[in-house]
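Here are the chains, one letter per residue:
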Amino acid sequence: MTSLMQPTRTDRRGGVGDSVARPDGRLKVTGRFAYSSDLWAEGMVWATTLRSPHAAALIRSIDVSRALAAPACTPCSPTRTSPAPRPTA
């Protein structure tokens, strides 16, 4: 009866607490991995996200005049690119 309770598998393929081999691990530790911040292309546009410091605040307007006045600024409209607001309970 004890033989039924003992695991018979001898080829362990991983479990809780075991290390997992990462396919990109060797490239990262040798410095050959290309992170997204390392990539560059001609005419590439850089963007940034500004988050509200208030978790449940209602944003009534966004003043982008200083950003649009900057040289080589690519305008975008946050209201056109953002998803519709979720209904609140």
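Residues numbered from 1 in each chain as written. Predicted model: local features only at pLDDT ≥ 70, side-chain atom pairs only at ≥ 80, totals over all residues. Heavy atoms only, no water.

## Some remarks on a nonpolar patch on the surface
Turning to step 1, where the next piece is worked out: A surface patch of nonpolar side chains, about 360 Å² in accessible area, is lined by Ile59, Ile62, Val64 and Leu68.
Turning to step 2, where the next piece is worked out: Relative to the assigned elements, Leu68 resides in helix H3 (residues 65-69).
Turning to step 3, where the next piece is worked out: Owing to a relative accessible area of 47%, Leu68 belongs among the partly exposed residues under this scheme. (Patch = residues over 30% accessible without salt bridge, like charges linked within 9 Å, V, L, I, M, F, W, Y side chains within 5 Å. Areas by Shrake-Rupley, 256 points an atom, 1.4 Å probe, with all protein chains shown as cover. Salt bridge = Lys/Arg side-chain N within 4 Å of Asp/Glu carboxyl O. Helix = DSSP H or I, 4+ residues; strand = E, 2+ residues; numbered from the N terminus. Buried < 20%, exposed > 50% of the residue type's maximum accessible area, 1.4 Å probe, protein only.)

## Structural notes on the pattern of salt bridges
Turning to step 1, where the next piece is worked out: Tallied over the full model, the rule gives one salt bridge.
Turning to step 2, where the next piece is worked out: One salt bridge in this structure joins Lys28 and Asp24, with 3.1 Å as the shortest N-O distance.
Turning to step 3, where the next piece is worked out: Look at Asp24 and you get partly exposed, because its relative accessible area is 22%.

## Observations concerning the confidence of the model for the protein
Turning to step 1, where the next piece is worked out: Looking at the protein as a whole, the pLDDT averages 75, with 69% of positions reaching at least 70.
Turning to step 2, where the next piece is worked out: Per-element confidence in the protein ranges from a low mean pLDDT of 55 for helix H1 (residues 2-5) to a high of 89 for helix H2 (residues 25-29). (pLDDT = per-residue confidence, 0-100.)

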